[in-house]
Amino acid sequence: MQKIKFADSAQSTIGVEWEIALVDHETADLCSVAERVLCKLKDDAGISHEEEHPTIKPELLMNTVEVVTGVHHTVAEAAAELRENVRTLSEVTTPMGVDLYCAGSHPFAAPTSQPVTDKDRYANLIDRTQWWGRQMVIYGVHVHVGLNDREKALPITDGLINYQPHFQALSASSPYWGGEDTGYASQRALMFQQLPTAGIPFHFNTWSEYEAYVADMLYTGVIDDISEIRWDVRPVARLGTVEMRICDGMSSLEDISAITALTQCLVHDMSLSLEAGNKIPVMPDWYRVENKWRAARYGLDAIIILNAQGDEMLVTDHLRSEVKRLTPISEQLGCADELQGIIRLIERGAEYQLQREVFAASGGDFREIVRNNVSRMLTQAN
């Protein structure tokens, strides 16, 4: 069995990945021009077309780019880099008549008509997953947090899954799918888990158990590379991080900063707890599945299961108590204001709620949902 080396990483450093859709300025529909956009970005940066742009990457679909940061110690630093990268992207897309949009899904685009990026791994994914793979017109925000010890990776993966409904409810932004209201706050959450190695991670007691799982997946051809394990939370050994991948796409840097701060604070708190000799509670599988479904269905109105004993609480009430509990950690990490953004998000309402309000106010025009989102994305580039 091949050993998986966990890279050296400074504890609680962060990096953020922001998947952004490209939409036509006139029609508000998705437009598959990522390759053209990336070529122009490379030309402007003096980079060969054969190389990857350092901060703006291709994704599965040709209507999508991913904006990424480097490694940062504070949320403010990461947010500043995201803003600069989005500004750079917008300077290229605006003259093309292309707008930037980010939510968990596009409200009316036809999922199966979206061209796939010309890469072997994407072609293999679609070939294997067929109809489900062709449905993946979804966008998310991922947060990496550095860990200084490999032995923390799996317990903290379990720990973050305990907060899956919190992250899902806060970021839920995909109530519409193919021009239909699904009745869910996050259609993306349930759509993405249809891929064979996506969804809620398995629980492993030791790193060697995880290595054996990866070896089995490779041996049986389920995956060709460890990166094809696309769990909602996963250890990323090559970076020395744990990656939180639960969230729907978000159009607000303030909200992304709040989510990043919550992730960083939770991981740091769990790290300190492990160093003190404590164990991270592991929720029963059936509760983990139920919590994800409740948050995807009801969003900020979800009543979630808190522990193995089955105690329950409204997710927003628990978030308020957790923000209060984590405030000293946030002050230590320099993200106190960003963490308070969780409370501001709750009080303002989540994106799925705003989308439904815009749809109703417009008399049922899906394009207005996109245009409203685009207008907020524009402010991120200024």
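Up top is the structure these notes are about.
Now for a quick tour of the structure. In this text the structure is predicted, and so the values were computed from the model without any measurement. (Residues numbered from 1 in each chain as written. Predicted model: local features only at pLDDT ≥ 70, side-chain atom pairs only at ≥ 80, totals over all residues. Heavy atoms only, no water.)

1. Description of the overall build of the protein
Looking only at helices and strands, the protein has 13 helices and 13 strands in total. Scaling as 2.2 N^0.38, a compact globule of 382 residues should have a C-alpha radius of gyration of about 21 Å, and the protein matches this with 20 Å. The principal-axis extents of the C-alpha atoms in the protein amount to approximately 55 × 45 × 40 Å. Of all 382 residues assigned to the protein, the portion counted as buried reaches 58%. Long-range contacts, defined as pairs at least 24 residues apart, comprise 75% of the intrachain contacts of the protein with a sequence gap of at least 6. Roughly 15,800 Å² of accessible area belongs to the protein as shown, and the carbon and sulfur atoms make up 51% of that amount. Of the side-chain charges in the protein, 33 are positive and 55 negative, and the distance between the mean point of each set is 1 Å. (Helix = DSSP H or I, 4+ residues; strand = E, 2+ residues; numbered from the N terminus. Rg over C-alpha atoms; globule rule 2.2 N^0.38 Å. Buried < 20%, exposed > 50% of the residue type's maximum accessible area, 1.4 Å probe, protein only. Contact = heavy atoms within 4.5 Å. Areas by Shrake-Rupley, 256 points an atom, 1.4 Å probe, with all protein chains shown as cover. Lys, Arg positive; Asp, Glu negative; His and termini not counted. Charge placed at Lys NZ, Arg CZ, Asp CG, Glu CD.)

2. Some remarks on the nonpolar core
Counting residues in each nonpolar core, the largest one holds 87 residues, and the members touching the most others are Trp18, Leu160, Phe167 and Ile342. Looking at which element gives the most residues to this core, the answer is helix α8 (residues 253-275), with eleven residues. (Core = buried A, V, L, I, M, F, W, Y, C linked by side-chain atoms within 4.5 Å.)

3. Regarding helix α4 (residues 153-161)
Think of an α-helix as 3.6 residues a turn; residues three or four steps apart then line up on the same face. Counting buried positions along α4 yields eight of nine residues, so the element is predominantly enclosed. What α4 keeps buried is the set Ala153, Leu154, Ile156, Thr157, Asp158, Gly159, Leu160 and Ile161. Check the buried side of α4 and you find it contacts α5 (164-171), α7 (207-219), β10 (233-236), β11 (241-248), α8 and α9 (285-298).

4. Remarks on the pattern of salt bridges
Tallied over the entire structure, the rule returns 23 salt bridges. As a salt-bridge pair, Lys3 and Glu211 come within 3.8 Å of each other at their nearest N and O atoms. You can see Lys3 sitting in the segment before β1 (14-24) and its partner Glu211 sitting in helix α7, a full 208 residues away along the chain. The exposure class of Lys3 is exposed, given its relative accessible area of 59%. When the shortest N-O distance is used, the salt bridge between Asp158 and Arg288 registers 3.2 Å. Taken together, the residues Asp158 in helix α4 and Arg288 in helix α9 connect sequence positions 130 residues apart. (Salt bridge = Lys/Arg side-chain N within 4 Å of Asp/Glu carboxyl O.)

5. Description of the pairing of β10
Side chains of β10 alternate between two faces, with Val233 and Pro235 and Arg234 and Val236 buried alike. Sheet topology note: the β10/β11 ladder contains four bridges and is antiparallel. Following the sheet pairing, Val233 is matched in β11 by Met244. Hairpin geometry of β10 and β11 is characterised by an intervening segment of four residues between the two adjacent antiparallel strands and by a positive phi of about 70 degrees at Gly240. (Pairing = 2+ DSSP bridges.)

6. Some remarks on the packing of helix α12 (residues 351-361) against helix α13 (residues 366-380)
In a packed pair of helices, the relevant descriptors are the angle between the two axes and the axis-to-axis distance. As a packed pair, α12 and α13 sit with axes 8 Å apart at the nearest point and diverge in direction by 130 degrees. Considering their axes alone, α12 and α13 lie oblique with respect to each other. For the crossing formed where α12 meets α13, the hand is right-handed. Where α12 approaches α13, its residues Glu351, Leu354, Gln355, Val358 and Phe359 are matched on the opposing element by Phe366, Glu368, Ile369, Asn372, Asn373 and Arg376. Classifying every residue of the contact of α12 with α13 gives five nonpolar, three polar and three charged. (Axes fitted to C-alpha atoms, helices over the stretch in contact; angles between N-to-C directions. Parallel < 35°, antiparallel > 145°, perpendicular 65-115°, else oblique. Left-handed = near helix turned anticlockwise from the far one by under 90°. Nonpolar A, V, L, I, M, F, W, Y, C, P; charged D, E, K, R; others polar.)

7. Regarding helix α10 (residues 315-333)
Along α10, the helix axis deviates most sharply at Thr327, where the bend reaches about 50 degrees; the proline Pro328 sits within four residues downstream. Among the residues making up α10, those that are buried are Val315, Thr316, His318, Leu319, Glu322, Val323, Leu326, Ile329, Ser330 and Leu333. Residues of α10 that are buried sit in contact with α5, α8, β12 (303-305), β13 (312-314) and α11 (336-348). A positive backbone phi angle near 80 degrees is found at Gly334, which sits one or two residues after α10. (Bend = angle between axes of the 7 residues up to and from the residue.)

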